[in-house]
Amino acid sequence: MKNINQLMQSFLGSTGECNRREFLENAGKGLVAATVVGELASCTADAQQMNGAGTRKMLADTIKVQVPSQHAPTERQQESGATMVEPSKRIGYAIVGIGELTMGQIMPAFGSCKYSKPIALVSGDAAKAKKVAAQHGIPEKNIYNYQNFDQIKNNPEIDAVYIVLPNSMHEEFVVRAAKAGKHVLCEKPMATSSKEAKNMIDACKKAGKKLMIAYRIQYEPNNKLMMQWTRDKHFGNVKVIDSVNVQNIGDPNQWRLKRSLAGGGSLPDIGLYCINTNRYLTGEEPNMVSAVIHSDANDPRFKEVEDKVMFQMFFPSGVVANNTCAYSVHDSKRYRCYADNGGWFGMDPAFNYNGLKTEASQAQGKLEFKQNIIVGEKQQFALEMDHFSQCLMDNKEPFTPGEEGLQDHKIMEAIYESARTGKPVKLETITTLDTFRNKANMPKEE
């Protein structure tokens, strides 16, 4: 397991041009230690055992409020009520890492949560952590740094941690969180290798704690509709899926372009959305992949990680998925499913944090009907956090457990191998559907 010192040494190499503190500050996680103000409340063994186990905080505490609709029953149904638990009974999260994703999406998402609340922050930048804590009403005593992180075991307010760190740090902090007796929600990609992912799963199982990977697409209503249409053969059998997730990444010194921190380039960062969504839509696992990688050797952004990856995934049913991810072109995040009974459907954009749009086209005689389907938008990070919170309250396994993330790592490793060898790579043939998801706890609309 790599610790932070080892990570920094691997980043610096032999040049020594940037010290550890400077790098972490540039990454939005300065090394300045966050001082824990005041004494943390000690926690009894019984209270620790109850954290997130469905005893202290239960779905039975849910409060439902329904109001009459002003619209005629012929109109599109609108939400006309709310179902949630009072703030004091919501699952408390410690957010580990307060970079761009945390500040732009995760912290604001708590305002839309029904079962989750922010309780603590973990950061290497004490000054920033204090500001964020003040914004969200988090007491300074609940601010931790990377060195004293293990003290979260003494804080009964923390039921779970949400890991939002550079990829190569996921394994260390998931393992430490599990040892501290906390459940774990971890950002994708799960780790930097299948070996690390397996270690994370084993650590959580050994500690008796739940592990969920933050595949927000699988909790989002537009993508859920596309999954249902694929499985229900809405336009017949889907034969081809075309997925694109590309963007033009900026600063060449950011951690996503450092192999020691990211583990790879566009493939694990944004290509993973194509992989996981292909698997989610069909419910199948690929039994073969083929790939090509291309990077501009003169572009300083791609000295350590790959830029463009074009790869195919072949599924047992005959579905072929063509996928493209890249770090050097204008932003586009979409997919389209082509079926054999006069129609196609998909999303554009599909993988964005908001503004998702669902589309379809169907042939009817001499006419082709193109449709824009309005599903309605919900805060994606709130949906995934609330799902995990419900799992903790009801003592159920999450829909996207660690095994789901492990499978994606195995597929990515096969893609890299195919690109390296110039040959297709076969994977284990799996004929069951949703093999690595908890089908018994598939998210449902409230």
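Residues numbered from 1 in each chain as written. Predicted model: local features only at pLDDT ≥ 70, side-chain atom pairs only at ≥ 80, totals over all residues. Heavy atoms only, no water.

Regarding a nonpolar patch on the surface
Spelled out, the test is: Surface patches are defined over residues having more than 30% relative accessible area and no salt bridge, joining like charges when they lie within 9 Å and nonpolar side chains (Val, Leu, Ile, Met, Phe, Trp, Tyr) when within 5 Å. Where accessible areas are quoted, they stem from the Shrake-Rupley method and a 1.4 Å probe; at the residue level, only the protein chains shown are allowed to cover. Put simply, a salt bridge is a Lys or Arg side-chain nitrogen that is within 4 Å of an Asp or Glu carboxyl oxygen. Secondary structure elements follow DSSP: runs of H or I of four or more residues count as helices, runs of E of two or more count as strands, with numbering from the N terminus.
Together, I63, V65 and V67 line one region of the surface with nonpolar side chains, adding up to about 240 Å² of accessible area. Examined against the element boundaries, V65 turns out to sit in strand 1 (residues 63-66).

Focus on the pattern of salt bridges
To be explicit about the condition: For every residue, the accessible area (1.4 Å probe, protein chains only) is compared with the maximum for its type, and the residue is labelled buried under 20%, exposed over 50%, or partly exposed between those bounds.
Evaluation of the coordinates by the stated rule reveals 22 salt bridges. Residue D434 pairs with R231 through a salt bridge whose shortest N-O separation is 2.9 Å. Linking D434 in the segment after strand 17 (425-426) with R231 in helix 8 (residues 221-232), this pair joins segments that are 203 residues apart in sequence. For D434, a relative accessible area of 5% gives the class buried. When its relative accessible area of 24% is taken as the criterion, R231 is described as partly exposed. Salt-bridge contacts for R334 lead to D242; the nearest nitrogen and oxygen are separated by 3.1 Å. Of this pair, R334 sits in strand 13 (residues 328-339) while D242 sits in strand 9 (residues 238-248), placing them 92 residues apart in sequence. Judged by relative accessible area, D242 falls into the partly exposed class, the value being 23%. Taken together, the shared-partner salt bridges connect R231, R279, E285, E404, D408, D434 and R437 into one network.

Some details on the sheet that holds strand 6 (residues 160-163)
Defined as follows: Two strands pair if DSSP finds at least two bridges between them. Note on contacts: a residue pair qualifies if any of its non-hydrogen atoms lie within 4.5 Å across the two residues. Every angle, taken between N-to-C directions, lies between 0 and 180 degrees, and every axis is a line fitted to C-alpha atoms, over only the stretch in contact when it is a helix.
Read from one edge of the open sheet, six strands run 5-4-3-6-7-8, paired in parallel fashion. Across the chains shown, the open sheet's two edge strands, defined by having one partner strand only, are strand 5 (143-144) and strand 8 (211-213). Sheet topology places strand 3 (residues 91-96) next to strand 4 (residues 116-122); six bridges connect them, and they run parallel. Across the sheet, the residue bridging to G92 is K117, located in strand 4. Lying over the sheet, helix 11 (residues 380-394) contacts strand 3, strand 4, strand 6, strand 7 (183-186) and strand 8, oriented at roughly 125 degrees with respect to strand 3.

What to know about unusual backbone geometry
Cis rather than trans, the peptide bond between K188 and P189 has omega equal to -10 degrees. Here the residue pair D348 and P349 is connected by a cis peptide bond, since its omega of 0 degrees sits within 30 degrees of zero. Here P349 is to be found in the loop between strand 14 (343-347) and strand 15 (358-364). Even without glycine at this site, N395 takes up a positive phi of about 55 degrees. With a phi angle near 50 degrees, D434 is a residue other than glycine that sits in the positive phi range.

Some points on helix 8
Going by this rule: Each residue after the first adds 1.5 Å to the expected span of a helix.
When the terminal C-alpha atoms of helix 8 are compared, their 16 Å separation across 12 residues agrees well with the 16 Å that a helix rising 1.5 Å per residue should span. Extensive coverage of helix 8 is indicated by the burial of nine of its 12 residues. Within helix 8 the residues assigned to the buried category are P221, N222, N223, K224, L225, M226, M227, W229 and T230. Directly after helix 8, the chain includes K233, whose backbone phi takes a positive value near 55 degrees.

Concerning the packing of helix 4 (residues 100-109) against helix 11
Applicable threshold: Oblique is the label for any angle not covered by the other classes, which are roughly parallel (under 35 degrees), roughly antiparallel (over 145) and roughly perpendicular (65 to 115). Should the near helix be turned anticlockwise from the far one by less than a right angle, the crossing is termed left-handed; should it be turned clockwise, right-handed.
Taken N-terminus to C-terminus, the directions of helix 4 and helix 11 make an angle of 60 degrees; their axes are 8 Å apart at the nearest point. Relative to helix 11, helix 4 is oriented oblique. Crossing angle aside, the handedness with which helix 4 passes helix 11 is right-handed. Facing L101, Q105, I106 and A109 of helix 4, the residues of helix 11 in contact are F381, A382 and M385.

Some points on helix 12 (residues 402-421)
In a regular helix each residue adds 1.5 Å, so 20 residues correspond to 28 Å; helix 12 covers 29 Å between its end C-alpha atoms and thus fits that length. Turning to helix 12, its buried residues are G402, E404, G405, L406, Q407, D408, H409, I411, M412, A414, I415 and S418. In the core, the buried residues of helix 12 are packed alongside helix 7 (194-207), strand 8, helix 10 (266-282), strand 10 (288-294), strand 11 (308-314) and strand 17. Backbone geometry just after helix 12 places G422 at a positive phi near 75 degrees.

A short note on the pairing of strand 7
Residues in a regular strand project their side chains so that they alternate between the two faces of the sheet. For clarity, the threshold we go by: Here is how to tell: hold the view so the strands point away, follow the path from the first strand over the helix to the second, and if it runs clockwise the crossover is right-handed.
Every second residue of strand 7 is oriented toward a common face, with H183 and L185 on one face and V184 and C186 on the other, all of them buried. As defined by bridge partners, strand 6 adjoins strand 7 across four bridges and the pair is classed as parallel. Among the inter-strand pairings, V161 is bridged to a residue of strand 7, identified as V184. Read as a crossover between parallel neighbours, the route from strand 6 over helix 6 (residues 170-179) to strand 7 is right-handed. Bridge count for strand 7 against strand 8 is three bridges, and the pairing is parallel. Across the sheet, residue L185 finds its bridge partner in strand 8, namely M212. Handedness of the crossover joining strand 7 and strand 8 through helix 7 is recorded here as right-handed.

A short note on the packing of aromatic side chains
Rules: Two rings from Phe, Tyr or Trp (for Trp, the six-membered ring) form a pair when their centres sit within 6.5 Å of each other. Planes less than 30 degrees apart are called stacked, planes more than 60 degrees apart edge-to-face, and all others tilted.
Following the criterion strictly, the structure yields 10 aromatic pairs and no others. Between Y146 and F173 the ring centres are 5.6 Å apart and the planes differ by 70 degrees, which places this aromatic pair in the edge-to-face class. On the criterion of sequence distance, the pair formed by Y146 in the loop between strand 5 and strand 6 and F173 in helix 6 is long-range, its members being 27 residues apart. Judged by relative accessible area, which is 2%, Y146 ranks as buried. A residue is classified by how much of its surface remains accessible, and F173, at 0% relative accessible area, is buried. When the ring of W229 is compared with that of F345, the centres are 5.6 Å apart and the planes differ by 85 degrees; the resulting orientation is edge-to-face.

Topic: the environment of S80
Summarising the element assignment, S80 is placed in the loop between strand 1 and strand 2 (81-84). In sequence terms S80 and V67 are 13 residues apart; their C-alpha atoms lie 5.6 Å from each other. Residues in contact with S80, not counting those within four places in the same chain, are V65, Q66 and V67.

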